[in-house]
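One-letter residues, chain by chain:
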Amino acid sequence: VEQAGSTSASGYAIEQALARFVDDRLLHLLSEEDTTIYQVIREKRITLEYYKNVLVHFVAPISLMAAAIRGCRAQHRDGCFPLDEVCRLYQSQAFLLRYEFTLDPDISIDVLMERSLHQLSSYGAIEIVPDTQGGGMAYRVLEREWIMELAELTRNFLESYYLVLRACRALRSRDISAVDLPAKIRDVGQGLLAIEELRRPESLSLLNIKNAVKAFREEGLLDIRPHQGGLQCDEGAYEYYIHDMRNLLP
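So, here is what we can say about the structure in this document. (Residues numbered from 1 in each chain as written. Predicted model: local features only at pLDDT ≥ 70, side-chain atom pairs only at ≥ 80, totals over all residues. Heavy atoms only, no water.)

1. Section: the sheet that holds strand S6 (residues 137-141)
Then step 1. Strand order in this open sheet of 3 strands is S4-S6-S5, and the pairing throughout is antiparallel. Only two strands of the sheet have a single neighbouring strand rather than two, namely strand S4 (80-81) and strand S5 (126-130).
Then step 2. With 2 bridges joining them, S4 and S6 adopt antiparallel strand pairing. Paired with phenylalanine 81 across the two strands is tyrosine 139, which belongs to S6.
Then step 3. Along the sheet, helix H4 (residues 109-123) contacts S4, S5 and S6; its crossing angle with S5, the most-contacted strand, is approximately 105°. (Pairing = 2+ DSSP bridges. Helix = DSSP H or I, 4+ residues; strand = E, 2+ residues; numbered from the N terminus. Contact = heavy atoms within 4.5 Å. Axes fitted to C-alpha atoms, helices over the stretch in contact; angles between N-to-C directions.)

2. What about helix H6 (residues 155-170)?
Then step 1. Look at H6: 22 Å from first C-alpha to last across 16 residues, which is about the 22 Å you get at 1.5 Å a residue.
Then step 2. For H6, the tally of buried residues reaches 13 of 16 residues, placing the bulk of the element in the interior. (Expected span 1.5 Å × (residues − 1). Buried < 20%, exposed > 50% of the residue type's maximum accessible area, 1.4 Å probe, protein only.)

3. Regarding the side chain of asparagine 211
Then step 1. As for its placement among the helices and strands, asparagine 211 is situated in helix H8 (residues 206-219).
Then step 2. According to the relative accessible area criterion, asparagine 211 is buried, its value standing at 14%.
Then step 3. Within the local environment of asparagine 211, its side chain forms a polar contact with the backbone oxygen of tyrosine 99, the two atoms lying 3.4 Å apart.
Then step 4. The contacts of asparagine 211, once residues within four sequence positions are left out, are Tyr99, Glu100 and Tyr161. (Polar contact = N/O pair within 3.5 Å; in protein donor to acceptor, adjacent residues only side chain to side chain.)

4. Thoughts on the packing of aromatic side chains
Then step 1. A full pass over the atoms with the stated rule returns 6 aromatic pairs.
Then step 2. Between the aromatic rings of phenylalanine 81 and tyrosine 139, the centroid separation amounts to 6.2 Å while the plane-to-plane angle is 15°, which identifies the pairing as stacked. Within this pair, whereas phenylalanine 81 is found in strand S4, its partner tyrosine 139 is found in strand S6, the two being separated by 58 residues in sequence.
Then step 3. Here phenylalanine 101 and phenylalanine 157 contribute two aromatic rings whose centre-to-centre distance is 4.9 Å and whose plane-to-plane angle is 65°, an arrangement assigned as edge-to-face. Here the residue phenylalanine 101 occupies a position in the loop between helix H3 (83-96) and H4, and phenylalanine 157 occupies one in helix H6, the gap between them amounting to 56 residues. For the pair phenylalanine 101 and phenylalanine 157, a shared accessibility class is recorded, and that class is buried.
Then step 4. Clustering of aromatic rings is evident, with ring pairs tying together Tyr161, Phe216, Tyr240 and Tyr241.
Then step 5. Looking at arginine 98, its charged tip hangs above the ring of phenylalanine 95, at a distance of 4.2 Å from the centre. (Phe/Tyr/Trp six-rings, centres within 6.5 Å; stacked < 30°, edge-to-face > 60°. Lys NZ or Arg CZ within 6 Å of the ring centre and 35° of its normal.)

5. What about the packing of H3 against helix H9 (residues 235-248)?
Then step 1. Two elements in contact, H3 and H9, have axes whose closest approach is 12 Å; the angle formed by their N-to-C orientations is 110°. Judged on the interaxial angle alone, H9 and H3 are roughly perpendicular. Contacts between H3 and H9 involve Arg88, Leu89, Ser92, Gln93, Phe95 and Leu96 from the former and Tyr240, Tyr241, Asp244, Met245 and Leu248 from the latter.
Then step 2. When the residues that make up the contact of H3 with H9 are grouped by side-chain class, the tally is 7 nonpolar, 2 polar and 2 charged. (Parallel < 35°, antiparallel > 145°, perpendicular 65-115°, else oblique. Nonpolar A, V, L, I, M, F, W, Y, C, P; charged D, E, K, R; others polar.)

Structure representation (structure tokens):
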């Protein structure tokens, strides 16, 4: 993180927060000419996750939309993307991560998607253009790096759910109790981190893993049967979700 000087109240608050993180040995402070650089200490990422989670709910909708745009593999040569596929990926994430983010129940998913698209447009990451193929309006990516940056804000949550998918496939038929399963999944995650199939150490959060197990059990993807065939994984549901996860987590 690069920090330039600021005399505003918000700038002062950011400087004080960063100074506290340095004092608590959560960040390294580096200096390069007139620029101050803060580097996250890898072993402290999970500790910093607490502070991130206090704020991430405010940006979750736009981050999920950015992830959906990044994960869409059918973008046109002119940079436009098929809105129906992006919206499907957005809805899939919002539903799957229902135990991670509390979205306003009085706002429909369609309104949330529309707002997120317009926020990305106001930010300058995408633009609204005439649809030359089907008529009406379309959306085109302007700043892919900004899309990537916003999508990464919720990456660790998606990685937790991806981990649960991979682990349940690897552990199927094992005689594992519901109580022991999250720890067994985290053990699998340690291996995936080592080979960089997972990029975020905080994706091994037991709370996120437990939420993912709960969500996938409700979907019928996962069934825990101690002493009766062991861990069961529905292949059809697995293939559906793993395909989307691999697109959403490039």
